[in-house]
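Topology and contacts: notes
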Amino acid sequence: MRKILIANRGEIAVRVVRACRDLGLASVAVYSECDRASRHVRLADEARSIGPNAPVESYLHSGRLIDAARASGADAVHPGYGFLAENEAFAAACREAGLTFIGPTPEVIALMGSKTAAREAAAAAGVPVVPGTDRPFDAAAPESAIAAEAARIGYPVLIKAVAGGGGKGMRAVVSADDLASAIRAARSEAGAAFGDAAVYLERRLVRPRHVEVQLLGDRYGTVLPFVERECSIQRRHQKVIEETPSPAVSGDLRARIASAAAAVARSVGYTGAGTIEFLLEEDGRFYFLEMNTRLQVEHPITELVTGLDLVEWQIRLARGERLDLDPATVLTPRGHAIECRIYAEDPDAGFLPSPGRIVALTAPGGPFVRDDSGAEPGTEVPIFYDPLISKLSAWGGTRPQAIARMQRALREYDVRGIRTTVPFFRWMLAERSFQDGEFHTATLDDLLQRRQGEPFSTPDEDDEEVAVIAAAIHASARRDAGDSPPGDAVRLKPDPGYVDGLRGDVASGFPGPLTPAGAGSRTGGWKRQARLEALRA
Amino acid sequence: MYEVETGARTRSVRVARAAGGYDVTVDGHERRIDAVPIGRAAWSLLIGGRSYDVGVVEARSGALTVYVNGRMVPVTVGSPVRGRHRGASRGQTPGIDRAGPDPGLAQTLTAPMPGRVVKVLVKAGDAVRARQGLVVVEAMKMENELRAPRAGIVGEVRVAEGALVEAQTVLVVIE
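Summary of the structure given here. (Residues numbered from 1 in each chain as written. Chains lettered and ligands numbered in written order. Predicted model: local features only at pLDDT ≥ 70, side-chain atom pairs only at ≥ 80, totals over all residues. Heavy atoms only, no water.)

**Some thoughts on the pattern of salt bridges**
Residue and element names in this part refer to chain A. So the rule is basically this: One speaks of a salt bridge when a side-chain nitrogen belonging to Lys or Arg is within 4 Å of a carboxyl oxygen belonging to Asp or Glu. In this text, helices come from DSSP runs of H or I with a minimum length of four residues, and strands from runs of E with a minimum of two, each type numbered from the N-terminal end. Only protein chains enter the accessibility calculation, which uses a 1.4 Å probe; a residue is then buried when its area is under 20% of its type maximum, exposed when over 50%, and partly exposed in between.
For the structure shown, the criterion picks out 51 salt bridges over all chains. Put simply, R171 and E189 hold a salt bridge, and the shortest N to O gap is 3.0 Å. Highlighted residues: R171 in strand β7 (residues 171-173) and E189 in helix α8 (residues 179-194), separated in sequence by 18 residues. Judged by relative accessible area, E189 falls into the buried class, the value being 2%. As a salt-bridge pair, E298 and K239 come within 2.8 Å of each other at their nearest N and O atoms. Of this pair, E298 sits in the loop between β14 (286-292) and α10 (299-306) while K239 sits in strand β12 (residues 238-244), and the two are 59 residues apart along the sequence. The pair E298 / K239 is uniform in exposure class, with both members buried. Each of E212, R229, K239, E242, E277, E298, E339 and R341 takes part in a single network of salt bridges with overlapping partners.

Structural data, given as structure tokens:
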């Protein structure tokens, strides 16, 4: 294996480029039209265009990806997560084209990708599953049949997409009255997201935690389970904060849950990196939920507490190396790690997507902080894809230390031009239930419900006073520098000496398109002004 | 002299160059501010020894978004022309644009974010209940059902399924 095509975009494509470079392998990025200038394209050794912006025309287009791999002379394909990462047809197409697919075999992807088949496999391996549908309902199944099954299982039920993931195509239904509309919504969303509208039902457990086990498997039958990740902080079934180890898992429970996960993976001949998700009840009983046959978004926290590079291991296992790690070291957490998923969403407007241009961005750094980002100043966050822009992780010797470092990092995280979930995380990490580790999968939705839309980033008196002072100084300095005012609403008194000729400069953007704040492609007013100021002082 | 508006308040601010920064007078109270520009869109302010890292971004319609130590403060710098800027964009529910204060007048449903219209659930002439789903818009892989702001009759549907819409595009008019 010498050259890897990365069939993905954004932060995970950047992550894989870095792993390739660490291993001395060449990397090939792919991009849709709007991603030409993205970070993953510029960091990779080579890059290939794969079509228009719509995912089905580019990142979900198996044929174009295979063509790009062939044309670039790549001998392996890393699918990242999302898009075609769990698509057995794509894995099979790679194999037929003579490319190594960095992941499990198409057969295992198909088996574990069907949530109902995966449930059967788990049950056969002796692992308990959540009560639910034995066979899925395809797109043509009548709603009455689904209603009858829901009544048999007992409300509340969850409708889930057979091909689903990330909460897409999932709906919780409390009573029979709401079932019909929830079925329609789940089918439509599943059809749009995965091209498969089949759904199944599952009993909804009361106050469960979401705990998952990362594992690696080699071609020679060795499967190693890792220390669990706690992913209960979810908003509408989407993980937003993950940590490891779980505050709710004792050493004894860890051993049992890890061996259950390994038993399921072994029984299906799993190879590569994968994750088995469980629901953990308050009494310590756990149920198989599903298996993700790919690298997980939240893999960095496992890397932080085990010291292992999971992407490197994916590549090594795909090229046939043996998994010669000490089982005890991967199951014993060294300290504690937390990850916050920074999304381009406006937490003060119900977490609606907030696409647009990032005009300035400063990511935190410093001791024990890691930022896996696909964004930078000038990045245009498109409307076509998942709005995840970065994953911020922090490590500490203890959970409180990890929380304190995460809070420090969140304070430094500065993104301007679009809204992000950073203000939400600043609030969440200070929440009592989070600090105490006392939460379950519905805790965040309950907390948000209780806030009733109260904004997360309300400036206090001091902030407002400083903002007023800064805005006035800014306007004054701009005027002195001969810049025209930044727009119609800004009317200065006395007249600012508005100069028509400078209008173009302002119209072209402030601080300027694709120009990092401070990098200043224009050497006009601002820099000269600063120099004059310095001389005067 | 600038009229600077933030939150519910408007302050009169006078700025004068001074040694090591600016003399800034806010509503008659003068202070020496140590201010250093960091590139074109950021400032380091030292006020009474406290350090403030400040970013300034021009938002839509010329208003500024000022970031104070990472916290966002919307600010409008302008003249007090009959309170023209005051509250111009406040007091509205996102996605619901009131055409008038009288509930008998037409209301529009607007797209709260850019996206693609996946489904139009109503047609002109339909009677709709308050909070009934009207249009499904997909943005960033999630489908969002946009609901009627109030009961009424659909006067006009301005988008077709499959259309790409910008934020604030009028989707449906309810009479």
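Picking up where we left off.
**Side note on the sheet that holds strand β6 (residues 157-161) of chain A**
Hydrogen bonds between backbone atoms are what pair the strands of a sheet, whose relative direction is either parallel or antiparallel. Residue and element names in this part refer to chain A. Here is the rule: Here the rule is simple: two strands pair whenever DSSP picks up at least two bridges between them. Axis angles are defined between N-to-C directions and span 0 to 180 degrees, where every axis is a line fitted to C-alpha atoms and, for a helix, only to the segment in contact. Should any heavy atoms of two residues lie within 4.5 Å, those residues are counted as being in contact.
Spatial ordering of the open sheet is given by β7-β6-β8, a layout of 3 strands whose pairing is antiparallel. One side of each edge strand has no neighbouring strand; the edge strands of this open sheet are β7 and β8 (199-203). Here the average twist between neighbouring strands, direction ignored, is 25 degrees. Across 3 bridges, β6 lies against β7 in antiparallel orientation. Directly across from L158, in β7, lies its bridge partner A172. Together, β6 and β8 form the strand contacts of helix α7 (residues 143-153), whose direction differs from that of β8 by roughly 15 degrees.

**Remarks on unusual backbone geometry**
Of note, the amide linkage connecting Y155(A) to P156(A) takes the cis form, showing an omega dihedral of -5 degrees. Note on placement: P156(A) falls in the loop between α7 and β6. Of note, the amide linkage connecting T244(A) to P245(A) takes the cis form, showing an omega dihedral of -5 degrees. One can find P245(A) in the loop between β12 and α9 (251-267). Unusually for a residue other than glycine, F368(A) sits at a positive phi of about 65 degrees. Examined against the element boundaries, F368(A) turns out to sit in the loop between β19 (360-362) and β20 (369-373). Located in the positive-phi region is D27(B), a residue other than glycine, with phi close to 45 degrees.

Purely geometric numbers; function is a separate question.
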